[in-house]
Amino acid sequence: MVSQRDDDESMIGDDELLQVEQVIERLMTRYPSVSPVDIEHAVRTVHKRFADCRIRDFVPLLVEKAARRDLADSTVPAADGVVL
């Protein structure tokens with residue numbers, strides 16, 4: 001029996017999954033004060049929104065843009081300019 005996750009991933013190419021992992025790594029570098037777990041959750045949540053898209057070429061780019069926006073909205077700048 002195929003699990004739901006395996007079924008979802010069969011619709012998505014390996015290259016796309018690799019690119020999404022790279023998005024997570026880039027965002028961890030860009031937002032060091034945000035928990036890696038929170039970054040991964042944000043990226044995977046956004047990625048799921050594109051599950052039904054038939055044209056997948058730009059999905060990783062769109063995922064990164066949306067996740068970056070979500071993370072920027074959720075971070076609060078401290079008084080000294082350091083992002084918390």
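Quick note: structure is the one above.
Residues numbered from 1 in each chain as written. Predicted model: local features only at pLDDT ≥ 70, side-chain atom pairs only at ≥ 80, totals over all residues. Heavy atoms only, no water.

Engineer: So what's going on with helix H2 (residues 14-30)? Which residues, and what values?
Structural biologist: Across its 17 residues, H2 extends 24 Å between first and last C-alpha, which sits within 8% of the 24 Å expected from 1.5 Å per residue. Of all the positions in H2, only Glu16, Val20, Val23, Ile24 and Leu27 are classed as buried. Buried residues of H2, seen end-on, are gathered within an arc of 100° and therefore sit on one face of the element. Residues of H2 that are exposed and point over 90 degrees away from its buried face: Asp14, Asp15, Glu25 and Thr29. Packed against the buried residues of H2 are helix H3 (36-49) and helix H4 (59-74). (Helix = DSSP H or I, 4+ residues; strand = E, 2+ residues; numbered from the N terminus. Expected span 1.5 Å × (residues − 1). Buried < 20%, exposed > 50% of the residue type's maximum accessible area, 1.4 Å probe, protein only. Arc of directions from axis to C-beta. Contact = heavy atoms within 4.5 Å.)

Engineer: Account for the side chain of glutamate 64, naming residues and giving values.
Structural biologist: Relative to the elements of secondary structure, glutamate 64 occurs in helix H4. Contacts of glutamate 64, omitting those with residues within four sequence positions, involve Val23 and Arg26.

Engineer: Account for the nonpolar core, with residues named and values stated.
Structural biologist: Counting residues in hydrophobic clusters, the biggest one holds 16 residues, and the most contacted among them are Leu27, Tyr31, Ile39, Val43, Val46, Val63 and Leu71. Mapped onto this core, the elements with two or more residues apiece are H2, H3 and H4. For this core, the element with the highest residue contribution is H4, accounting for five residues. If sequence neighbours within four positions are ignored, tyrosine 31 has contacts with Ile39, Arg68, Leu71, Ala72 and Thr75. (Core = buried A, V, L, I, M, F, W, Y, C linked by side-chain atoms within 4.5 Å.)

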